[in-house]
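Chain by chain, the residues:
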Amino acid sequence: MFKLVWLAPLALLLSACTQSAYLGQSVGGHLSLMAAAKPVDKLLAEPELAADLRERLLLSQRLRDYAVDTLKLPDNDSYRRYADLGRSAAVWNVVATPELGLTLKTWCFPVMGCVGYRGYFDRAEADAYAAQLRAEGLEVLVYGVPAYSTLGWSNFFGGDPLLNTFIKYPSGELAGMLFHELAHQVAYAPDDTQFNESFATLVERRGAEAWLRTHASAAEREAFALRLQRREQFRALTGEYRRRLAELYAQAISDEAKRAAKAGLLEEMRQDYARLKAESWGGDTAYDGWFARANNASFALLAAYSDLTPAFDTLLARQGQDWLRFYAEVKRLAALPKTERLSELMKQTGD
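Please read these numbers as outputs of a predicted model, since none were measured by experiment.

**Remarks on helix α13 (residues 323–334)**
Link 1 in the chain: End to end, α13 covers 16 Å across twelve residues, agreeing with the expected 16 Å (1.5 Å per residue, within 8%).
Link 2 in the chain: Turning to α13, its buried residues are Trp323, Phe326, Tyr327, Glu329, Val330, Leu333 and Ala334. Down the axis, α13 shows its buried residues gathered within 165° of arc, on one side only.
Link 3 in the chain: Structurally, α13 contributes buried residues whose contacts are with α7 (193–215), α12 (309–318) and α14 (338–348).
Link 4 in the chain: For α13, the side-chain oxygen to backbone nitrogen distance between the N-cap and leucine 324 is 3.1 Å, and the N-cap itself is aspartate 322.

So this is what it looks like as structure tokens:
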């Protein structure tokens, strides 16, 4: 599973955007989410609060304190409130690519710059927009997002809240979710989704591992390690086929030939996945949905979360695993022009 930060509501709140329909759903949806949130300490004082929710809220606050004390993430009001949205996702994101290409379509907003996704608080509206993009000949993916970050701007209104969409995740995943979203409040580079997401994913992984080493049972650590191992195997498999698709699309052959070869590659990939699932995963179906609907948009989206994460991991190691020094370096890189930023990141990591 992967997560995507969704910032368009905030950007639109700060702009004079003329896209009135999109502006309306963005502002209204975000304000509705904020209004539904209640302080965790007040919820915990309610004797009728369900026992399982009480346990998760208590855990979330321990994680929130750990994020500040150990990972040196922002100490603010984010994730000190909780909202039950009565739905399975906070927003639904739409991503799109060409039929024979792996470059994400981008949308540009003030403050946040250009990003490779567009989010909706209503699934039907996301599906309707996706249909428009498909009519233009694009390949499209619509998927639910459990949380999004407002980069700390919403702290004036009480901060980004905990949500029912992720509060019951296993402890390692819940920790990673909170650390990932808080990382977006540390550093953000406009127009560079890959930089932002790869950085937050590194904080998510290393932070969750550190938490589990000292605050979880052996069984929880083993379960998290197994999920992480399978996630890496999933990324290795899909990364190989993303590479092969990119090579195919670059060939000087007809579109008809590319379409036929593309279909063959996707079928080959699904067969490889079936073998991996049967021979190594004990039939685990966690990624069945991804492979069933895999297209160019799916592959392009994965790249934003994985391609630069190893570089950030090396950068953290070169800063002596010192989180504050690491964040300072990431913020320095985020302030550079995009091409220079990537070059500097690779130079810092020795690549």
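**A closer look at the confidence of the model for the chain**
Parts of the prediction with low pLDDT should not have their coordinates interpreted in detail.
Link 1 in the chain: Of the residues in the chain, 91% have a pLDDT of 70 or more, and the chain-wide mean is 90.
Link 2 in the chain: Contacts from residues 1–18, a stretch scored under 50 in pLDDT, to residues over four places away or in other chains number 68 contacts.

**Notes on the pairing of strand β7 (residues 139–145)**
Link 1 in the chain: Along β7, six of the seven residues are buried, which leaves the element largely enclosed by surrounding structure.
Link 2 in the chain: Bridge analysis of strand β3 (residues 91–97) against β7 gives seven bridges, and the strand direction is antiparallel. Bridging from a neighbouring strand, valine 94 pairs with valine 142 of β7.

Rules used throughout
Residue numbers run consecutively from 1 along every chain, following the written order of its sequence. Local features in this predicted model are restricted to residues whose pLDDT is 70 or higher, and side-chain atom pairs enter the listing and the counts only when it is 80 or higher, whereas totals over whole chains, interfaces and linings include all residues. The side-chain figures draw on all heavy atoms in the structure; neither hydrogens nor water molecules are used. A run of H or I in DSSP becomes a helix once it reaches four residues, and a run of E becomes a strand once it reaches two; helices and strands are each numbered from the N terminus. To estimate how far a helix should reach, multiply one less than its number of residues by 1.5 Å. The cut-offs for exposure are 20% and 50% of the maximum accessible area for each residue type, with area from a 1.4 Å probe on protein chains only; residues under the lower value are buried, those over the upper are exposed, and the others partly exposed. For this quantity, the arc is that covered by the directions from the helix axis to the C-beta atoms. We call two residues contacting when some pair of their heavy atoms lies within 4.5 Å. Polar contact is defined as a pair of N or O atoms within 3.5 Å, subject to the rule that within protein one atom must be able to donate a hydrogen and the other to accept it, and that residues adjacent in sequence are counted only when both atoms are side-chain atoms. Residue-level confidence of the predictor is summarised by pLDDT, bounded by 0 at the bottom and 100 at the top. At least two bridges found by DSSP between two strands are what make those strands a pair.

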